[in-house]
Amino acid sequence: MVVVGAGIAGMACAVELIRAGVPVQVRERGHVCGGRMASKRFQGRPADIGAAYFTATDPDFAAVVEQWRAAGLVREWTDTFQAYDRSGNHEVPGPIRFAAPRGLRSLVEHLAGAVPVTVDRLVLTVEPGPIVDGHPCAAVALAMPGPQAALLLDPALTDATRVVQEQRWSPSLAAVLRFPTRRWPDFRGAFVNEHPVLNLVCDDGDRRGDGAPVLVAHTVPEFAAGHLAQPTGAGPAIEQAVRDLLGLPEQAVDVHVHRWTYAKPTSDAGGATHHLDADGIGLAGDAFGKPRVQSAWRSGRDLGRALAARLG
């Protein structure tokens, strides 16, 4: 049994399979696991460049979060964001948002535990059988955005191919801005509405709990779409937009821009939490539900259970 993709959906799937006694291998094309729960280090300090936070309303996922909390990996961050629009700004209450002092990627790594993960392993083809890169296996789970899964699937796998081709995704850029000092008001995180560049800005020092003068900004899809070829070139515009929004007098000492071509699913999965066809091809991720960390975990968990039932 092969799981392709070592994000939270792939790890949740693998965990269920191992729990059921099904041998599994996880293959990840990147250097590390995590997927869009991505963290990158700057001068030894992690900053989250993918998902900004997560919430937990599903009781089963809340139990996993409690395990992370017991291990010292998560902290309650805030239940209130600011909302900026043309009329000004105001507070927006909501659910508790959780953050990870070591970066959200550390949570996926914790899930991995004893799961056999091979990084820097690019899977090229999935054919009927299923056959993964020319090798037959009992089943395969593709835990990745649909457009990426579509590149692997043989057209003969009509059911899985149809599902991934129906998925729609929007892009985003995430910019880590490191400043000399903290010169902004206490805002934790801010939704930015009706803005040509910004969609979300988070105080990473507050989120991480160390007070570092670091902000992370996420852009709207329309702006990102124009800079996917050269994302670093968008840095000055993002920095200026953040400084204008928060009234910051100082320039950032460093700006790092990360491209997410498939940042957020925008299509409706029709209530399904995963896909598993008769060929033994499974699909999981946050495209099966709201674009949330919790949705991705639940999708992988449900696919893992369905595969374990079939293979058992």
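Residues numbered from 1 in each chain as written. Predicted model: local features only at pLDDT ≥ 70, side-chain atom pairs only at ≥ 80, totals over all residues. Heavy atoms only, no water.

An unreviewed UniProt entry annotates the chain as FAD-dependent oxidoreductase of Micromonospora trifolii.

**Side note on the side chain of Ser295**
Threshold: Helix and strand definitions here come from DSSP, where helices need a minimum of 4 consecutive H or I residues and strands a minimum of 2 consecutive E residues; each element is numbered from the N-terminal end. When checking whether two residues touch, look at their non-hydrogen atoms; a contact exists if any pair is within 4.5 Å.
Along the chain, Ser295 falls in helix α9 (residues 293-311). Beyond its immediate stretch of four places on either side in the chain, Ser295 contacts Gly285, Asp286, Gly289 and Lys290.

**Comments concerning the packing of helix α1 (residues 8-19) against α9**
Let me state the cut-off plainly: Fitting a line to C-alpha atoms yields each axis, with helices limited to the stretch in contact; the angle taken between N-to-C directions then spans 0 to 180 degrees. Put simply, a crossing is left-handed when the front helix is turned counterclockwise from the back one by less than a right angle, and right-handed when it is turned clockwise.
Interhelical geometry of α1 versus α9 gives an angle of 35 degrees and a closest axis separation of 7 Å. By crossing handedness, the relation of α1 to α9 is classed as right-handed. Along the contact surface, α1 presents Ile8, Ala9, Ala12, Cys13, Glu16 and Leu17, while α9 presents Val293, Ala296, Trp297, Gly300, Arg301, Leu303, Gly304, Arg305, Leu307 and Ala308.

**Things to note about the sheet that holds strand β1 (residues 2-4)**
Backbone-to-backbone hydrogen bonds pair the strands of a sheet. The strands run either parallel or antiparallel. The line we're drawing: Here, strands pair whenever DSSP counts at least two bridges between them.
Read from one edge of the open sheet, six strands run β7-β2-β1-β11-β18-β17, paired in mixed fashion. Two strands lie at the open edges of the sheet, namely β7 (117-118) and β17 (275-276), each paired on one side alone.

**Comments concerning the packing of helix α2 (residues 59-70) against α9**
Selection rule: Should an angle fall under 35 degrees it is taken as roughly parallel, and over 145 as roughly antiparallel, whereas 65 to 115 is taken as roughly perpendicular and any remaining angle as oblique. Only Asp, Glu, Lys and Arg are considered charged in this grouping, and only Ala, Val, Leu, Ile, Met, Phe, Trp, Tyr, Cys and Pro are considered nonpolar; every other residue, Gly among them, is considered polar.
In contact at an axis separation of 10 Å, α2 and α9 are set at 105 degrees when each is read in the N-to-C sense. Taken together, the axes of α2 and α9 are roughly perpendicular relative to one another. On α9, the residues that touch Asp60, Phe61 and Val64 of α2 are Val293, Gln294, Trp297 and Arg301. Residue composition of the contact of α2 with α9, grouped by class: four nonpolar, one polar and two charged.

**Side note on the sheet that holds strand β16 (residues 254-265)**
What the seven strands build is an open sheet, ordered β6-β5-β13-β14-β15-β12-β16; its pairing is mixed. In this open sheet, the two edge strands, each paired with only one partner strand, are β6 (88-99) and β16. The mean angle between the axes of side-by-side strands here comes to 20 degrees, regardless of whether they run parallel or antiparallel. Summarising the sheet, strand β12 (residues 169-178) and β16 pair through nine bridges and their orientation is antiparallel. Considered in β16, the bridge of Ser172 is made with Trp260.

**A closer look at the UniProt feature "domain: Amine oxidase" (unreviewed entry) in the chain**
Heads up, the condition is: UniProt positions are given in the numbering used here, feature names are shortened, and annotations may be inferred rather than shown by experiment.
UniProt records the feature "domain: Amine oxidase" (unreviewed entry) at residues 131-301, using the numbering of this structure. Helix makes up 27% of residues 131-301 and strand 30%, whereas the separation of the span's terminal C-alpha atoms amounts to 23 Å.

**A short note on the pairing of strand β5 (residues 75-85)**
Two strands pair when backbone bridges link them, and β5 and β6 are joined in this way by nine bridges, in the antiparallel orientation. Each residue of the ladder has a partner; that of Arg75, found in β6, is Ala99. Adjacent in sequence and paired antiparallel, β5 and β6 are bridged by two residues. With three bridges connecting them, β5 and strand β13 (residues 189-192) associate as parallel partners. In the sheet register, Tyr84 faces β13, and the bridge partner there is Val192.

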